[in-house]
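Inside the fold
The chain contents come next:
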Amino acid sequence: MKKLFRLLGAIAALGVIAPAYAQYNPVPVQKAAGNKIYAHLMPWFESKEYSGYWGIHWTMANKNPDSVDASGRRQIAAHYYPLIGPYASGDPDLVEYQLLLMKLSGIDGVLIDWPGTTNAFDYVRNRQNSEAVINKINQVGLQFAVVYEDHNLTLANVGDKLAQGRNDMAYLRDNYFNKSSHININDKPLLLTFGPQTFQNANDWTNVFSVLPTKPYFLTLWYEHGEAGANSQGEYSWIYQDGNSYINHLTNFYQNATNYGMKMGAAAPGFNAYYAEGGWGANPFVINHNGTNTFKSTLDLALNNGIQHIQLATWNDYGEGSMIEPTREFGYGFLTYLQQRLGVSGLGQAELELVHELYQQRKRHKGNATEQARLNNVFGYLVSLQTNAARNLLNGTSPTNSIQIEAENYTVMNGVQTEACAEGGRNVGWIDAGDWMVWDINLPSNGNYRVEYRVAGLSGGSIRLERAGANPIYGTINVPVTGGWQHWQTIAHTVNLSAGQQQIAIYAPAGGYNINWIKFTKL
């Protein structure tokens, strides 16, 4: 097992046992699909409760969110209504809610619609809201990059646009690109532009990027890479329909031969803008949602065409009706399909509803330090995928001294695979002699622990529990023949474990069995 332990220094996922309120490191969500999935996030919403005023993206030119109907629905500039109601993008409770929903849906990162550093209109507040997300994202275990709105320089009537563009890049260099949570591709920071619309030739982009030590991995909108020249590494698809359907536009983009680099895909739920109704001009086109079917077909199209990087367009653009976050109209439908299609292990709508309940309790217990501390622990349980513990604590039950680790949530392994489990979620199988798995764990105290294993198999075998590195070895237990690969039994032994954060491993002296979960209980 020596080859394992050279890898362990880079592992940061954490499963924990903690009866007290504590910090938890995020555990990666296990999913069958290896595609990178990014949510395009709009950071431009403001609410009277948090910001002191209603922002223009809720009001447009003629709507008044202070007007509330009999169902409790505020009058907002959108055809669709957030499940939690209109919100402020910089509200920490909202940021927590959105990032947790993304994580538990199988999303890998956030592409933030970024206004630049120009001091005009609502750009400053939008940048602050973006940074509220960025400052939280590492706690959840997601990554981020930005979609640069170069058109804002024209809208703000900036004089020296190239100088301002360089200022924007310098800001990204000093504040975003240097973060461990920033998305890098081929050792370059990922950067998208919504266009380009202001800098429309290669010389301009070369000038703008001149302040960067390394040029970014730069993507333009589809069919616009020529305006960046050699500065572009590819394009990303978006939402568009004319006489040709949206699906046909996407199909043509994916299947046409190209030699200009990456094609980032798009999955969108539909497009139904509110601009005409809100007094902001004409609506450009309509792409019917057809329930959740448009989202399903666009996501399937990208996956079936082997697109490795897919942008969900969008997480929350209510003005254009292209949001996938939970709403009154669609519920969790977009996110549950995402879970299913990506093969997310052990998570479903019930876990997404925990995030909604956490948000509601945050608001209900505003200003109550004791309750907020409890909810901080719920957040910790959710980011470390201890959803049962999160559910118990949300329901008012104190955390227990037990933790059940799903076997497929290993941080590193050798030789095993996962499969669908008859008890729900996934289990680990194909365990042969010499195979191993490692999980990170944080034990609250020294002493004896009952360690249970949920196992199944036709030939039996054995499990050796140890600290990663085989020093110390805690104990070995035989695995019985259970009568089938999905005929599950629980076996247990008692071992003495030390307190603190550590890496627990199981090694198979003899294979021939499956594992569904492992549970540690302090005696």
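All of the points below concern the structure found in this document. Each chain has its residues counted from 1, following the order in which its sequence is written. Selection of residues for local features in this predicted model requires a pLDDT of at least 70, selection of side-chain atom pairs for listing and counting requires 80 or more, and totals for whole chains, interfaces and linings are taken over all residues. The side-chain numbers reported here are obtained from all heavy atoms of the structure, hydrogens and water having been left aside.

**Structural notes on the side chain of Glu96**
Each helix is a run of DSSP H or I of at least 4 residues and each strand a run of E of at least 2, with the numbering of both proceeding from the N terminus. Its place among the elements puts Glu96 in helix H4 (residues 92–104). We define a polar contact as two N or O atoms separated by no more than 3.5 Å, with the added condition that, inside protein, one atom must be a possible hydrogen donor and the other a possible acceptor, whereas residues neighbouring each other in sequence contribute only through side-chain atom pairs. Among the polar contacts made by the side chain of Glu96, one reaches the side chain of Arg362 at a distance of 2.8 Å. If we skip the residues at most four places from it in the chain, Glu96 touches Lys136, Leu358, Arg362 and Phe379. By the convention used here, residues are in contact when the closest approach between their heavy atoms is within 4.5 Å.

**Things to note about the packing of aromatic side chains**
For this analysis, a ring pair means two rings from Phe, Tyr or Trp (six-membered ring only for Trp) whose centres lie within 6.5 Å, classed as stacked if their planes differ by under 30 degrees, edge-to-face if by over 60, and tilted for the remaining angles. What the rule picks out here adds up to 29 aromatic pairs. Taking 6.4 Å as the distance between ring centres and 80° as the angle between the ring planes, the aromatic pair formed by Tyr148 and Trp205 counts as edge-to-face. With Tyr148 in strand S4 (residues 143–148) and Trp205 in helix H8 (residues 202–208), this pair connects stretches of sequence that are 57 residues apart. Comparing Tyr148 with Trp205 shows no difference in burial state: the two are buried. An angle of 80° between the planes, with centres 5.4 Å apart, marks the rings of Phe199 and Trp205 as edge-to-face. Within the aromatic cluster, the residues linked to one another by ring pairs are Trp114, Phe144, Tyr148, Tyr171, Tyr176, Phe199, Trp205, Phe209 and Phe218. Throughout, exposure labels follow a simple rule: accessible area from a 1.4 Å probe, protein chains only, divided by the maximum for the residue type, with under 20% read as buried, over 50% as exposed, and the rest as partly exposed.

**Quick notes on the environment of Val110**
Relative to the assigned elements, Val110 resides in strand S3 (residues 109–114). For Val110, a relative accessible area of 0% translates into the label buried.

**A few points about the environment of Tyr240**
Among the structural elements, Tyr240 can be located in the loop between strand S8 (234–236) and helix H9 (246–255). The class of Tyr240 is partly exposed, set by a relative accessible area of 36%. The spacing of Tyr240 and Phe271 is 31 residues in sequence and 8.6 Å in space, taken between C-alpha atoms. Every residue in contact with Tyr240, bar those within four places of it in the chain, is listed here: Trp222, Tyr246, His249, Phe285 and Ile287. Within the local environment of Tyr240, its side chain forms a polar contact with the side chain of Asp242, the two groups lying 3.3 Å apart.

**Some points on the pattern of salt bridges**
By definition here, a salt bridge exists when the distance from a side-chain nitrogen of Lys or Arg to a carboxyl oxygen of Asp or Glu is within 4 Å. Per the stated rule, a full pass over the model turns up 15 salt bridges. The salt bridge involving Arg450 is made with Glu452; its shortest N-O contact spans 4.0 Å. It is possible to trace a salt-bridge network through shared partners that takes in Asp91, Asp93 and Lys363.

**Examining H4**
To estimate how far a helix should extend, the number of its residues minus one is multiplied by 1.5 Å. Compared with the 18 Å implied by 1.5 Å per residue over 13 residues, the 18 Å span of H4 between its first and last C-alpha is a close match. Burial within H4 is extensive, with twelve of its 13 residues counted as buried. Burial in H4 covers these residues: Asp93, Leu94, Val95, Glu96, Tyr97, Gln98, Leu99, Leu100, Leu101, Met102, Lys103 and Leu104. In this fold, the buried residues of H4 make contact with strand S2 (36–41), S3, helix H5 (123–140), helix H12 (333–342), helix H13 (349–364) and helix H14 (369–383).

**Structural notes on H14**
Compared with the 21 Å implied by 1.5 Å per residue over 15 residues, the 21 Å span of H14 between its first and last C-alpha is a close match. Taken across its 15 residues, H14 has eleven buried, putting it largely inside the fold. All buried positions along H14 are accounted for by Glu371, Gln372, Arg374, Leu375, Asn377, Val378, Phe379, Gly380, Tyr381, Leu382 and Val383. At its buried positions, H14 is contacted by H4, H5, H13 and helix H15 (387–394). Where H14 starts, the residue carrying a side-chain oxygen 3.1 Å from the main-chain nitrogen of Thr370 turns out to be Asn368.

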